[in-house]
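# Report on the structure
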Amino acid sequence: ITLGKPKTKEWVRILEALKLSDRNTLCVLSEPNKEIKLAAQNLSYCVRLKDARECSAHDILRHDRLIVEKRAIPSLEARLLGIRVEGKSSEVAST
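Note that this is a predicted model, so its numbers are computed, not measured.

## Considerations on the side chain of Thr 8
Note on placement: Thr 8 falls in helix H1 (residues 8-17). With residues near it in sequence (within four places) discarded, Thr 8 still touches Leu 38, Ala 39, Asn 42 and Leu 43.

## Remarks on the pattern of salt bridges
Per the stated rule, a full pass over the model turns up five salt bridges. A salt bridge links Glu 69 to Arg 71; its shortest N-O distance comes to 3.4 Å. For Glu 69, a relative accessible area of 6% gives the class buried. The exposure class of Arg 71 is exposed, given its relative accessible area of 59%. One salt-bridge network, held together by shared partners, links Arg 48, Lys 50 and Asp 59.

Scoring rules and cut-offs
- Residues numbered from 1 in each chain as written.
- Predicted model: local features only at pLDDT ≥ 70, side-chain atom pairs only at ≥ 80, totals over all residues.
- Heavy atoms only, no water.
- Helix = DSSP H or I, 4+ residues; strand = E, 2+ residues; numbered from the N terminus.
- Contact = heavy atoms within 4.5 Å.
- Salt bridge = Lys/Arg side-chain N within 4 Å of Asp/Glu carboxyl O.
- Buried < 20%, exposed > 50% of the residue type's maximum accessible area, 1.4 Å probe, protein only.

Now the structure itself:
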């Protein structure tokens, strides 16, 4: 996800284009992104950001819609399946 400027207006434009502006949406990022975080901070009523390495099945299930960065898919898969990636273990919570 690339924003021209770290502005809420940019995020709203993206959400409207995807018809997600009125939905409880989880956006899974490949890594923390300061610009995206700044742009989305005023939209906590409809969008939540999460790093793929910290995302859980519970996070995914409690949202109506899901946006996943293409680069985040391998990390998200590893996290949810408990597979080691890049020498790091991805622990899955047992609750």
